[in-house]
Amino acid sequence: MNCCNNKPIFESYDGNRLCKIHFNAYLEGKVFKTIRQFELLDKEENLGVAISGGKDSLTVLSILKRLSMQNPNIKICAIAIDEGIAGYRDRTLATAQEFCDKNNIRLHIFSYKEEFGLSLDEMLKILNVKPCTICGIFRRYLLNKKSKELKLTKLATGHNLDDECQSILMNQMRNDMKASARLGPKVGMVQDEKFVQRIKPLYLCAEKEVTTYAFLNRMLDSFNECPNAIHSYRAQVRDMLNVMEQKFLGTKYSIVNSFIQMLPMLKEKFSCGAIKVCSRCSEPCSKDICNACVYLERLKNKAVSSLIEPKPLNN
Amino acid sequence: MTIKVKAYIDRENRKVEVELKGSPKVSDLMKKLKINPVTVIVSRNNELILEDGMLKNNDEIRILSVISGG
Ligand code: SF4
Ligand SMILES: [Zn+2]
Ligand SMILES: [Zn+2]
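Starting afresh in each chain, residues are numbered from 1 along the sequence in its written order. Each chain is given a letter, starting from A, and each ligand a number, starting from 1, according to the order in which they appear as written. This being a predicted model, a pLDDT of at least 70 is required before a residue's local features are given, and a value of 80 or more before pairs of side-chain atoms are given or counted; all residues contribute to the totals for chains, interfaces and linings. To obtain the side-chain values, all non-hydrogen atoms of the structure were included, while hydrogens and water were left out.

S.K.: When you look at the coordination of the zinc ion (ligand 3) in this model, what are you seeing that I'm missing?
M.R.: Reference geometry at the metal: tetrahedral coordination by four donors gives ideal angles of 109.5 degrees; octahedral coordination by six donors gives 90 or 180 degrees. All names here are of chain A. Coordinating donors are taken to be N, O and S atoms lying within 2.8 Å of the metal, or within 3.2 Å when the metal is Na, K or Ca; because water is excluded from the atom set, some sites may appear incomplete. Taken together, the protein donors to the zinc ion (ligand 3) comprise Cys278 (SG), Cys281 (SG), Cys290 (SG) and Cys293 (SG), at separations of 2.2 to 2.3 Å. Irregular is the default label, applied whenever a site is not tetrahedral (four donors, all angles between 85 and 135 degrees) and neither square planar nor octahedral (four or six donors, opposite donors over 155 degrees apart, all other angles between 65 and 115). Geometry at the zinc ion (ligand 3) is tetrahedral, judged from its four donor atoms and the angles of 106 to 114 degrees they form at the metal. Partly exposed residues are those whose accessible area sits between 20% and 50% of the maximum for their type, while under 20% is buried and over 50% is exposed, using a 1.4 Å probe and protein chains only. Among the residues examined, Cys278 registers a relative accessible area of 2% and is labelled buried. You can call Cys290 buried: its relative accessible area is 5%.

Okay, here's the thing in structure tokens:
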């Protein structure tokens with residue numbers, strides 16, 4: 001069914017065909033509805049938006065910026081993390097900076113190199129681990145720490161329906177329901193001063209919808225992919241999901257919608273009451289020492305031992 | 001009758017020329033290139049076209065990946 005007499009540029013999984021104007025209204029409407037339905041924003045917020053320079057984070061930033069211009073009680077700024085991935089992050093960060101300059105948004109950039117002494121590229125030379133594992137741990141760590149320093153009330157991210165769908169399946173396939181209890185449109189089980197709640201306004205927007213919006217609103221940069229992404233478990237789950245979606249339209253919505261119904265039960269089962277803190281860095285964590293501190297320690301030890309490693313005798 | 005279209009695939013940073021028979025649609029081009037339409041948006045002259053959009057001889061098509069880069 002067509003929305004009007006204008007040329008349709010998007011067809012939703014349930015057969016609605018939308019023109020440019022109606023698509024923009026549809027996507028923005030969906031984001032605002034998500035914000036209301038899951039109570040993502042309070043009346044007053046000092047909101048941070050975590051951006052990478054990619055289409056998802058720029059889309060969420062541009063929509064929230066508009067919201068904040070209409071509502072002076074919602075203040076926003078942007079945060080970007082420079083993991084130190086040569087040939088990739090430098091380019092996306094330039095896009096992020098350009099976007100923020102143009103739209104008059106304050107951008108704070110924090111780097112692994114400055115905060116931990118090593119870039120991700122350097123860490124991966126020292127430790128034999130999956131790139132995305134440590135990349136994610138350090139990113140979440142920095143985002144939470146810096147959000148507190150900046151006195152942010154919440155942190156919005158560009159996670160979309162596809163991202164969530166992948167996470168749900170990944171956790172199931174690894175039997176990690178505790179991790180699933182930490183998913184959902186609003187992350188952070190309790191409001192706690194140690195943990196800045198994260199919100200996902202694009203929670204119900206499919207990746208194809210976000211890309212369409214970014215294209216129509218000139219936020220789609222040339223294609224850019226992290227060199228580490230290809231090997232990831234997530235990439236394999238993503239491809240599998242897209243095959244299913246092509247055969248059975250609406251699969252991703254079904255997975256996320258059924259997950260939303262399950263989430264309260266998961267949260268109840270895995271709620272741990274007050275958030276524990278790491279005995280070394282005081283950041284929130286589930287064990288005595290947080291994952292970031294564990295990996296930093298391993299990096300330090302490995303770096304030292306590799307320096308004093310005896311040379312082979314015949315050398 | 002066959003027509004020729006030029007397609008640019010941004011994810012692979014690659015340009016291809018494809019011959020298609022009859023009066024082909026975007027979906028026929030996707031099939032020929034073995035691209036899952038769920039994973040891309042398609043544009044011609046900077047305007048988005050849908051899967052049932054008709055292709056013309058000498059069309060220049062851009063196939064843009066919707067996948068996030070990490
Ligand atoms: S793909 Fe992996 S390594 Fe690359 S930015 Fe994302 S989490 Fe980090
Ligand atoms: Zn319309
Ligand atoms: Zn710690």
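S.K.: When you look at the coordination of the zinc ion (ligand 2) in this model, what are you seeing that I'm missing?
M.R.: All names here are of chain A. Taken together, Cys3 (SG), Cys4 (SG), Cys19 (SG) and His22 (ND1) make up the full set of protein donors to the zinc ion (ligand 2), lying 1.9 to 2.3 Å away. One can describe the site at the zinc ion (ligand 2) as tetrahedral: its four donor atoms subtend angles covering 101 to 118 degrees at the metal. Sequence positions of the residues that donate to the zinc ion (ligand 2) give the spacing C-C-x14-C-x2-H. In this pair, Cys4 sits in the segment before strand S1 (8-11) while His22 sits in helix H1 (residues 20-37), placing the two residues 18 residues apart along the sequence. With relative accessibility at 36%, the residue His22 sits in the partly exposed group. Helix numbering and strand numbering both begin at the N terminus, where a helix is a DSSP run of H or I of at least 4 residues and a strand a DSSP run of E of at least 2.

S.K.: It is not clear to me how the pairing of strand S2 (residues 14-21) of chain B should be interpreted in this structure. Could you clarify?
M.R.: All names here are of chain B. Alignment of strand S1 (residues 2-9) against S2, held across eight bridges, turns out to be antiparallel. In the strand pairing of S2, Thr2 is matched with Lys21. What sits between the antiparallel neighbours S1 and S2 is a turn of four residues, in which Asn13 has the positive phi angle 45 degrees. Whether two strands pair depends on DSSP finding at least two bridges between them.

S.K.: Would you take a moment to explain the packing of aromatic side chains for this structure?
M.R.: Between two aromatic rings, the relevant description is the distance of the centres plus the angle of the planes. All names here are of chain A. Under the pairing criterion, centres of Phe, Tyr and Trp rings, with the six-membered ring standing for Trp, must be within 6.5 Å; the plane angle then separates stacked pairs below 30 degrees from edge-to-face pairs above 60, leaving the rest tilted. Across all of its chains, the model carries nine aromatic pairs over all chains by this definition. Ring centres 5.8 Å apart and planes at 50 degrees place the aromatic pair Phe116 and Tyr141 in the tilted group. Of this pair, Phe116 sits in helix H4 (residues 112-116) while Tyr141 sits in helix H6 (residues 131-149), and the two are 25 residues apart along the sequence. Neither residue differs from the other here; Phe116 and Tyr141 are each classed as buried.

S.K.: I'm lost on the sheet that holds strand S5 (residues 60-65) of chain B in this one. Help?
M.R.: Adjacent strands of a sheet form backbone hydrogen bonds with each other and so pair up, either parallel or antiparallel. Strand order across the open sheet formed by five strands is S2-S1-S5-S3-S4 (chain B), with mixed pairing between neighbours. Because the sheet does not close on itself, it has two edges, and the strands there are S2 and strand S4 (47-49) of chain B. On average, each strand axis in the sheet is tilted by 35 degrees relative to the strand beside it, whichever way the strands run. This element, helix H9 (residues 207-216) of chain A, spans strand S3 (40-44), S4 and S5 of chain B of the sheet and lies at about 30 degrees to S3(B). We call two residues in contact when some of their heavy atoms are within 4.5 Å. All axes here are fitted lines through C-alpha atoms, helices being fitted over the stretch that makes contact, and every angle between N-to-C directions spans 0 to 180 degrees. Docked against the sheet, helix H1 (residues 26-33) of chain B engages S1, S2, S3, S4 and S5 of chain B, running at close to 115 degrees with respect to S2(B).

S.K.: When you look at the layout of surface pockets in this model, what are you seeing that I'm missing?
M.R.: If a probe the size of a water molecule is rolled over the atoms, the empty space left behind becomes visible. Taken as a whole, the second largest pocket holds about 740 Å³ of empty space. Lining the second largest pocket are 29 residues, and of these A:Ala214, A:Phe215, A:Arg218, A:Met219 and A:Leu220 lie nearest its centre. For the lining of the second largest pocket, the secondary structure elements donating two or more residues are helix H3 (89-102) and H9 of chain A together with S4 and S5 of chain B. The element best represented in the lining of the second largest pocket is H3(A), accounting for five residues. Classes in brief: Ala, Val, Leu, Ile, Met, Phe, Trp, Tyr, Cys and Pro nonpolar; Asp, Glu, Lys and Arg charged; the others, Gly included, polar. Residues belonging to the lining of the second largest pocket are distributed by class as follows: twelve nonpolar, six polar and eleven charged. Cavities and pockets were defined on a 1 Å grid built from protein atoms only: a cavity is a group of points that admits a 1.4 Å probe but offers it no way out, a pocket is an open group of points flanked by protein on both sides within 12 Å along at least five of seven lines, and a lining residue is one with an atom within 4 Å of any such point. Grid points are joined across faces, edges and corners, and a volume is the space filled by probe spheres set on the points.

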